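Structure at a glance
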Amino acid sequence: MSPRLRWRKFVSGFMLTMTGVCAAVSVAVLFFILGYLVYHGGTSISWNFFTKLPAPVGETGGGMANAIVGSAKLLLLASLVGVPIGFFGAIYLAEFSGGTTAFVVRYAADLLNGVPSIVIGIFAYSLVVLPFKHFSTLAGGFAIGLMMIPITLRSTEEFLRAVPRALREGAMALGASKWKTISTVIVPAAYRGILTAVLLAFARVAGETAPLLFTAFGNRFWSPGWNQPTASLPVMIFTYAVAPYDDWHRQAWAAGLVLLGLILVLNIVARAILSRGIAVPRA
Amino acid sequence: MKRITGLFLAVLVLAGIAWADALSINGAGATFPYPMYSKWFDEYHKKNANLQINYQSIGSGGGIKQVTEGTVDFGATDGPMNDEQLKAYSDKHGSGILHFPTVMGAVVPTYNIPGVSAELNFTPEALAGIFLGKVTKWNDPVIAGANKGVKLPAEDIVVVHRAEASGTTYVWTDYLSKVSPEWKSSVGTGAAPKWPVGLGGKGNEGVTGTIKNTPNSIGYVELIYAESNKIPYGSVKNASGVFVKPSLAAVSAAAAATAKDMPDDFRVSITNAPGKAAYPISSFTWLLIPQKFTDTSKRDALKGFLKWALADGQNYAESLSYAKLPKEVVAKELKAIDKIQ
Amino acid sequence: MATSTTTVPSAGPAAGSRSFLSRLRDGDEIARLITFLFAASVVLVTLLLVLELWQGSVLPRHKFGFNFFRTSVWDPIFEQFGALPFIYGTLVTAGVALVIAVPLGIGAAIFLAELAPVRVSDTLEFFIDLLAAVPSVIYGLLGVFIVVPLMRVYIQPTLKHTLGFLPLFQGPAYGVGFLTAGIVLAIMVIPYIISVSREVLLSVPRDQREAALSLGSTRWESTWKVVVPFARGGIMGSIFLALARALGETMAVTMVIGNTPTISASLFSPGYSIAAVIANEFTEATGDLYLQSLIELGLVLFILTFILNGLARLLIVATSQKGAGMGHA
């Protein structure tokens, strides 16, 4: 073996090991965070946590039932805003648009993504709260829905583009119209990726606090309907974490753990139900 | 796919069903009294199951803004509204807004000096000097002079202040402006001043956390945070020349001194109050209640709550490290409640 | 795949010669219209946001003009407002975050896409995606309780000891500061890079790899020189996502950056970012000039993002080769 080849082989082995290290570090961080949350908040997770309303200071046994339901409602609304715009917009970018339009839309999406969450909150506040003179779940859902758009749009577009040309050409050759090709061939082929995009966007907005402060506001009680202020997990975490009571701190960690757990469950369920895609050949 | 859409829509509809038996009132404002108010509103709810008072702490300024905008029914603030804000409110609503002091608190100087476990005495000159960046070392004569017998290190002082705008900062700077002309002219009183020196910690928790982790640091926090985090806090020399250790009794003393001259609108600063037992960095916290209500059920509910808070409610204060209102102030407030229409 | 789209001619005479209505009857035209509306709404929302920011910052724009970008003083009580320290802090923390997260993220994505067996890759990816779900408040708290003490006691002194000759690593070590904020941000943005890059790498056609290997390249060479460039567009897209997140992150940053409007060459120095100051001061901002100055900061961040995105895209265009892989701006 020539020395040059030996060197190249060495570099190959070394770099590939380094990538393994990168992956290990990333995963380790996650497990560390999980462990920390479990350690500090695990004791506060009980049946009460999921079913009771927050208790006053000094009393134990309170829970975050209203925050859990509130977060779920907010995410539902957010996905109504974020997913269709992201998904269909991405289809337009990947399949129909010319270079300039695509450029502009992508640019706009990246700009939107960079807006601080508090500014989105202020924006939603002036659009949905001020005119109606009250805080509401609708306003909160709208605010975080806006935040979902860029991630969904950009990622979905990438995955749609990544579908091999061969599949498209095959459909074309069979005489399928554009829309037919998209709906029956391309989208199913990119299903996995699209799901990843949507779940990533979900994960992102599930933990956002700032946009909710001025829109969904917060609520110690149950929030009926869509027009009232509502509690949410991130806001509860924030409120409890900055308070001077240890019990509230523990509940804040517990809430963080529950939030992560819910997203985890959502991930599992979504992948299980919806991951019926055409298997794209992998290396 | 159709099944999922159907399920989705069903959940959407179900979640939207509103049950409307309870009267819901929303309030926003200061973070400092949040534990107190949340306790009060929960206890009051137990007595009146049909009434839900939902209070969220988004900051004193936020409370003032939202109650002016009309998005919440009442507000709460650690620093009274100024004339400009009052005018903005009355311009918008056609009637005024009333201040009601609820409880009181103390802002205390906390510190972390390795090797020093004693309670330090701080003169107004020392505090102003430290926060102005003029006094830079712990063994500076201005500090040492009031703490004879304590060995202070020759280390740089790390100042910690609040990062975000807050009522606590308002009270602290209000005090410093009263005792230091230099502070008043160069920095001033406000919720978010331009700090000459120091790091910014987020929230009272952030400041206590930073102090705990940073040797030779000093900051200011609400009394309850210093107590629950068990960090040392010092005594401050009051206007009568006595070094007073922060305590609920000392805060009440500060309020009692000003109770006699309490203005009718209750907007008063009790920092640097006269009296031997008064703690100089004390403050009221207020509820902001509109003078005119269009919704009579909300009006009556809030009036009922106020009366309860000023009577039975006060009994919950001390266990949460808030100071009760002096009797004279309570009496005056009960009369003022009638102004609410 | 080139940047141009492929239009599928419908069955029948060429599309241009058919009337609008008859094309409309085809699913395609409607599909095109509907998806266009959705895509356009993104631009609309963004424009609306800029408009709100522009209108909401009328007072400081007239009062300070361009000085807003050059002044370092931020004094709410005496009503002097300058954006420079916040611009600096935003750029520095985002820069540090990307410097850490991009190599780490791409490396991990390569491992997961190329080396790890399918099951392992899927499981690990699953967990890494969870990093995106951790609430920003929790990241902030973890930063305060874990990263800051770590920095103050171990990392900053070590850096000072070894690399202290660089102005980057000088000055007192408080634990909070630009470097700490950058590290916390890096952890927050890494899942976006890994997740999207991995998916894109996975969809690179097998024949590309095999062609390289058959020509005698090592595993690494085929990955780095063939597969990654092929997936370059998607990887850049993921970096854009990460950059945007880093620029706009509010909660976590404000807990670990020190919240002091300072411009300093040292990464140990406490600083401030645009998002953090808006979050910290917006609720209490009384007085129109103050409030609107905060909104103008939001506008400034928007402009910053605009410029950075533009520069990055220029970079891509300048370094891309025609016809190679899935590159697009």
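Residues numbered from 1 in each chain as written. Chains lettered and ligands numbered in written order. Predicted model: local features only at pLDDT ≥ 70, side-chain atom pairs only at ≥ 80, totals over all residues.

Bringing the overall build of chain B into the picture now. Helix and strand counts for chain B come out as 13 helices and 11 strands. A compact globule built from 341 residues should have a C-alpha radius of gyration of about 20 Å, and chain B, at 22 Å, falls within 12% of that. Seen through its principal axes, chain B has C-alpha atoms that stretch 70 × 60 × 35 Å. Out of the 341 residues belonging to chain B, those deemed buried represent 53%. Taking the contacts inside chain B whose residues are at least 6 apart along the sequence as the reference set, 72% of them involve residues at least 24 apart. (Helix = DSSP H or I, 4+ residues; strand = E, 2+ residues; numbered from the N terminus. Rg over C-alpha atoms; globule rule 2.2 N^0.38 Å. Buried ≥ 20, exposed ≤ 12 C-beta atoms within 10 Å, placed from the backbone. Contact = placed C-beta atoms within 7 Å.)

On to the interface of chain A and chain C. With 94 residues of chain A at the contact, the number on the chain C side is 88 residues. With 18 residues, helix α1 (residues 3-41) of chain A is the largest single contributor of residues to the side of chain A that touches chain C. For the side of chain A that touches chain C, the per-class residue count stands at 58 nonpolar, 22 polar and 14 charged. (Nonpolar A, V, L, I, M, F, W, Y, C, P; charged D, E, K, R; others polar.)

All right, on to the sheet that holds strand β10 (residues 243-244) of chain B then. One key point about sheets: their strands pair by backbone hydrogen bonds, in either a parallel or an antiparallel sense. Residues and elements named next belong to chain B. The strand order β5-β9-β10 describes an open sheet built from three strands, whose pairing is mixed. Sheet topology places β5 (121-122) and β10 at the edges, where each strand pairs with a single neighbour. Where strand β9 (residues 235-237) lies against β10, two bridges are found, and the strand directions are antiparallel. Each residue of the ladder has a partner; that of Val236, found in β10, is Val244. (Pairing = 2+ DSSP bridges.)

Take the nonpolar core next. One finds Val189, Ile193 and Val256 of chain C to be the most contacted residues of the largest nonpolar core, which totals 305 residues. Val256 of chain C has contacts with Gly140, Gly143, Val144, Val147, Val148, Val176, Thr180, Ala181 and Val184 of chain C, leaving out every residue within four places of it along the chain. (Core = buried A, V, L, I, M, F, W, Y, C linked by C-beta atoms within 7 Å.)

This part covers the interface of chain B and chain C. Counting residues at the interface gives 24 residues for chain B, matched by 24 residues for chain C. For the side of chain B that touches chain C, the secondary structure elements donating two or more residues are α3 (60-69), β7 (199-201) and α9 (203-213) of chain B. Partitioned by chemical class, the residues of the side of chain B that touches chain C number eight nonpolar, 13 polar and three charged.

A word on helix α5 (residues 124-132) of chain B. Side chains three or four residues apart in an α-helix point the same way, a direct result of the helix having 3.6 residues per turn. All names here are of chain B. Within α5, seven of the nine residues are buried, leaving the element largely enclosed by the surrounding structure. Buried residues of α5: Pro124, Ala126, Leu127, Ala128, Gly129, Ile130 and Phe131, and no others. Of the residues trailing α5, Gly133 is marked for its positive phi of about 85°.

Another point: the sheet that holds strand β3 (residues 74-77) of chain B. All names here are of chain B. Spatially, eight strands are ordered β2-β1-β3-β11-β4-β8-β6-β7 in an open sheet, and the strand pairing comes out mixed. Each edge of the open sheet carries a strand with a single partner, namely β2 (51-57) and β7. Averaged over all neighbouring strand pairs, the angle between strand axes comes to 25°, with direction disregarded. Summarising the sheet, strand β6 (residues 158-162) and β7 pair through three bridges and their orientation is parallel. Across the sheet, residue His161 finds its bridge partner in β7, namely Gly200. (Axes fitted to C-alpha atoms, helices over the stretch in contact; angles between N-to-C directions.)

It is at 9 Å that the axes of helix α4 (residues 99-114) of chain A and helix α14 (residues 288-319) of chain C come closest, and there the two elements cross at 135°. As summarised for this structure, α4 of chain A and α14 of chain C are arranged oblique, according to the angle between their axes. By crossing handedness, the relation of α4 of chain A to α14 of chain C is classed as right-handed. Contact residues: Tyr107, Asp110, Leu111 and Gly114 of chain A in α4 of chain A; Phe302, Thr305, Phe306 and Asn309 of chain C in α14 of chain C. Its residues placed into classes, the contact of α4 of chain A with α14 of chain C shows four nonpolar, three polar and one charged. (Parallel < 35°, antiparallel > 145°, perpendicular 65-115°, else oblique. Left-handed = near helix turned anticlockwise from the far one by under 90°.)

Residue and element names in this part refer to chain B. For strand β8 (residues 217-222), the buried fraction is high: six of the six residues fall into the buried class. When strand β4 (residues 97-112) meets β8, the two strands line up antiparallel, connected through six bridges. Paired with Val108 across the strands is Val221, a residue of β8. Bridging between β6 and β8 involves two bridges; their strand directions are parallel. If you follow Val159 over to β8, its bridge partner there is Ile218.

Next up on the list: the confidence of the model for chain B. Per-chain confidence: chain B averages 88 in pLDDT, with 94% of residues scoring 70 or above. Prediction confidence for the complex, expressed as pTM and ipTM, is 0.84 and 0.84 respectively. (pLDDT = per-residue confidence, 0-100.)

Bringing the packing of helix α7 (residues 165-173) of chain A against helix α8 (residues 178-189) of chain A into the picture now. Residue and element names in this part refer to chain A. Between α7 and α8, the shortest axis-to-axis distance is 10 Å and the interhelical angle comes to 160°. Relative to α8, the element α7 lies roughly antiparallel. Seen along the crossing, α7 lies across α8 with a hand that is right-handed. Packed against α7, whose contacting residues are Leu167, Arg168, Ala171 and Met172, the element α8 presents Thr181, Val185, Ile186 and Ala189 at the interface.

Residues and elements named next belong to chain B. On β3, burial covers both faces: Phe74 and Ala76 on one face and Gly75 and Thr77 on the other are all buried. Taken together, the three bridges between β3 and strand β11 (residues 282-290) define a ladder with antiparallel strand orientation. Across the sheet, the residue bridging to Ala76 is Leu287, located in β11.

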